[in-house]
Every structure is written in structure tokens, then in C-alpha cells.
Amino acid sequence: MRIRNVKDKDSILLNSKYVLDNFSFKGKWREVFENDNPICVEIGTGKCTFIYEMARNNPNVNYIGIERIDTVLALGVKEIEKLPVLSNLCLINFDAFKVDEIFFHEVDTLYLNFSDPWPKARHEKRRLTNFRFLEKYDIMFSGDKKIVLKTDNDAFFEYSVVSLSEFGYKISDLSLDLHKRLNYNNVMTEYEKKFSSKGCKIYMLSAVKKV
Ligand code: SAM
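Bear in mind the structure is a predicted one, so any value in this text is a computation, not a measurement. (Residues numbered from 1 in each chain as written. Predicted model: local features only at pLDDT ≥ 70, side-chain atom pairs only at ≥ 80, totals over all residues. Heavy atoms only, no water.)

## Some points on the site of the ligand
- In the region of the ligand, 18 residues are neighbours, and G44, E67, A96, T189 and Y191 sit closest.
- At a separation of 2.9 Å, a nitrogen atom of the ligand approaches a polar backbone atom of N113.
- If the ligand stood free it would expose 600 Å²; the protein chains cover 96% of that surface.
- Among the cavities detected, the one that contains the ligand is the largest pocket. (Near = heavy atom within 4 Å. Polar contact = N/O pair within 3.5 Å; in protein donor to acceptor, adjacent residues only side chain to side chain. Areas by Shrake-Rupley, 256 points an atom, 1.4 Å probe, with all protein chains shown as cover. 1 Å grid on protein atoms, 1.4 Å probe; cavity = no way out; pocket = protein on both sides within 12 Å on 5 of 7 lines; lining within 4 Å. Sits in = over half its atoms within 2 Å of the grid points.)

## Notes on the nonpolar core
- Core analysis: the biggest nonpolar cluster contains 35 residues, and W29, V41, I43, I64, I66, F103 and Y137 have the highest contact counts within it.
- In this view, I64 contacts W29, F33, I39, C40, V41, E42, I51, C90, I92 and F103; residues no more than four positions away in its chain are not counted. (Core = buried A, V, L, I, M, F, W, Y, C linked by side-chain atoms within 4.5 Å. Buried < 20%, exposed > 50% of the residue type's maximum accessible area, 1.4 Å probe, protein only. Contact = heavy atoms within 4.5 Å.)

## Some details on the pairing of strand β3 (residues 89-93)
- The buried fraction of β3 amounts to 4 of the 5 residues, a majority that puts the element mostly inside the structure.
- Note: strand β2 (residues 62-67) against β3, 5 bridges, orientation parallel. Looking at β3, one finds that Y63 is bridged to L89.
- Handedness of the crossover joining β2 and β3 through helix α4 (residues 70-80): right-handed. (Helix = DSSP H or I, 4+ residues; strand = E, 2+ residues; numbered from the N terminus. Pairing = 2+ DSSP bridges. Right-handed = clockwise from strand over helix to strand, strands pointing away.)

## Things to note about the environment of D144
- If you trace the backbone, D144 turns up in the loop between α5 (131-138) and β5 (145-151).
- With a relative accessible area of 33%, D144 lands in the partly exposed category.
- Apart from the residues lying within four places of it in its own chain, the contact partners of D144 are D108, V208, K209, K210 and V211.
- A polar contact is formed between the side chain of D144 and the side chain of K210, at a distance of 3.3 Å.

## Observations regarding the pattern of salt bridges
- In this structure the tally under the stated criterion is 12 salt bridges.
- With a closest N to O distance of 3.9 Å, D100 and K136 form a salt bridge. With a gap of 36 residues between them, D100 in the loop between β3 and β4 (109-113) and K136 in helix α5 connect regions that are remote in the sequence.
- Each of the salt bridges in this network shares a partner with another, and the network as a whole consists of K9, D10 and D70. (Salt bridge = Lys/Arg side-chain N within 4 Å of Asp/Glu carboxyl O.)

## Examining the sheet that holds β4
- Strand order in the open sheet formed by 7 strands is β3-β2-β1-β4-β5-β7-β6, and the pairing between neighbours is mixed. Two strands close off the open sheet at either side, each with one partner strand: β3 and β6 (170-175). Neighbouring strand axes in the sheet, compared pairwise and without regard to direction, differ in orientation by 15° on average.
- Here β5 pairs with strand β7 (residues 203-209) via 7 bridges, running antiparallel. By the bridge assignment, K150 is partnered in β7 with M204.
- On top of the sheet, helix α6 (residues 154-166) reaches β5, β6 and β7; it is set at about 10° to β7, its chief contact. (Axes fitted to C-alpha atoms, helices over the stretch in contact; angles between N-to-C directions.)

## As for the layout of surface pockets
- Taken as a whole, the largest pocket spans an internal volume of roughly 690 Å³.
- Taken together, 35 residues form the lining of the largest pocket, with G44, E67, F114, S115 and D116 sitting closest to its centre.
- Looking at the lining of the largest pocket, the elements with two or more residues in it are β1 (39-43), α3 (49-57), β2, α5 and α7 (190-197).
- Examining the composition of the lining of the largest pocket, we find that 3 residues originate from one element, α7, more than from any other.
- For the second largest pocket, the calculated volume is near 310 Å³.
- Every residue lining the second largest pocket is counted, 16 residues in all, and those nearest its centre are M54, Y111, Y184, N185 and N186.
- Of all elements in the fold, only α3, β4 and β5 reach the threshold of two or more residues within the lining of the second largest pocket.
- Tallied by class, the residues present in the lining of the second largest pocket amount to 6 nonpolar, 6 polar and 4 charged. (Points joined across faces, edges and corners; volume = space filled by probe spheres on them. Nonpolar A, V, L, I, M, F, W, Y, C, P; charged D, E, K, R; others polar.)

Here's what the structure looks like:
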């Protein structure tokens, strides 16, 4: 993602009703949302298009978007602050490699949308479906572990299928051309809109690891 300098990024993040600036909610996310509704997390939430739309469409589910680059998150926050206010959405500027520090058995579903593919072998460790990350995600989940992934990148998709399977996940759903599928209630991400408008196929998988 090309990152523009966002001059007022600090005040955008500080003053947003969605962005949490303390990370002390491990095991207590239900208190943050003040309800017992399921909690879904998107890692690498980018400019928040997907997570905001999901939260708007599903008011009985809580959503948390995690984005490591503050300028990217600030660009998204600036836009969603203009839209109707949602009480089931939180955003955090955080590196997902440390997710085990902020969640403890409370997440229902994890979304990985158009994660950076890191194609070079020497960068494999950085892929969000590398086992180093999968290990960290384990502790997040409240019951069965469920990951839903979309990408346009065939090599990253194939890598993720193998990595998740080797880590004990079963692939419960898979599409090599998601937009051709009928009756799939798809919420498009920013990257998905961009790539599909260029004619790229969108790959999707759901993976589940039983407790
Ligand atoms: N999910 C969005 C979409 O589909 O439009 C953005 C996709 S963009 C290619 C990937 C995003 O993941 C970037 O904004 C990047 O900063 C973020 N990201 C990558 N590694 C991350 C990590 N370890 N923790 C949090 N965010 C991360």
C-alpha cells in the first residue's frame, strides 16, 4: 500500500470515537462493547472499508479492526467518521504479531483480507498465515478457531491453504472465483474492489480448527 503522509494523523486517531489508544482489554472485550455479542477481528484492516460495512450490516456482532500503519488507519478513520455512528466497531493501531497480548479466548472469527503476500522466500515469516502468526492467533479464539481469508494472489492463497492445513485447520469452504458465486453475502474490501475492477479473480477460503 502506498502511504501518503497524513499530517494530522495523530489527532485523527486520538479524537476518533472508534480508535482505542490503550491495549489493556485482554479478556475483557465484552466490557468494551457492553454486550455478549460475538466478536470478529480483521487483521490488516487498511482503510476500514470492510470492517465498517460488516459492522453496519451486522449490528448484533462486534467488530475490531487492527492496522499496524497509523497513516493508513488515519485515512480510513477520516472517512468513516463522516458516516453513521456505529457502537459495534473498534479500531486499533497495533501490530498483529502481538495479538496474543490483547485477546484471550474471546474472538469468534478472524478475517484476513488481501494480506500482504510477501512473495520472496526470505520474507515468508512476515506472511499473516505463516505458522508464527497462526500460533499467536490460537489464544484469541473463544471456541472453534475460524479464519476467513480473501486475496487476489494465487501464490499467497496456495501458501495459506498449506500453512493452515499443516497447522490443524480444515478448509471448510473455498472459492477460486468468489465473484462468480451466487448467494454469497460478500462485503468487498478496498483492495477487492480495486483488483476485481481490473479483472482479477478473487480467492476465498474459510478454515476451521475444532477445539
Ligand atoms: N484489508 C484491506 C483491504 O483488503 O483493502 C487492506 C489490504 S493491504 C494490502 C494489507 C494491510 O495489512 C496493510 O494496511 C498493512 O499495513 C496491514 N498489515 C500488514 N501486516 C500487519 C500486521 N502484522 N499487523 C497489522 N496490520 C498489518
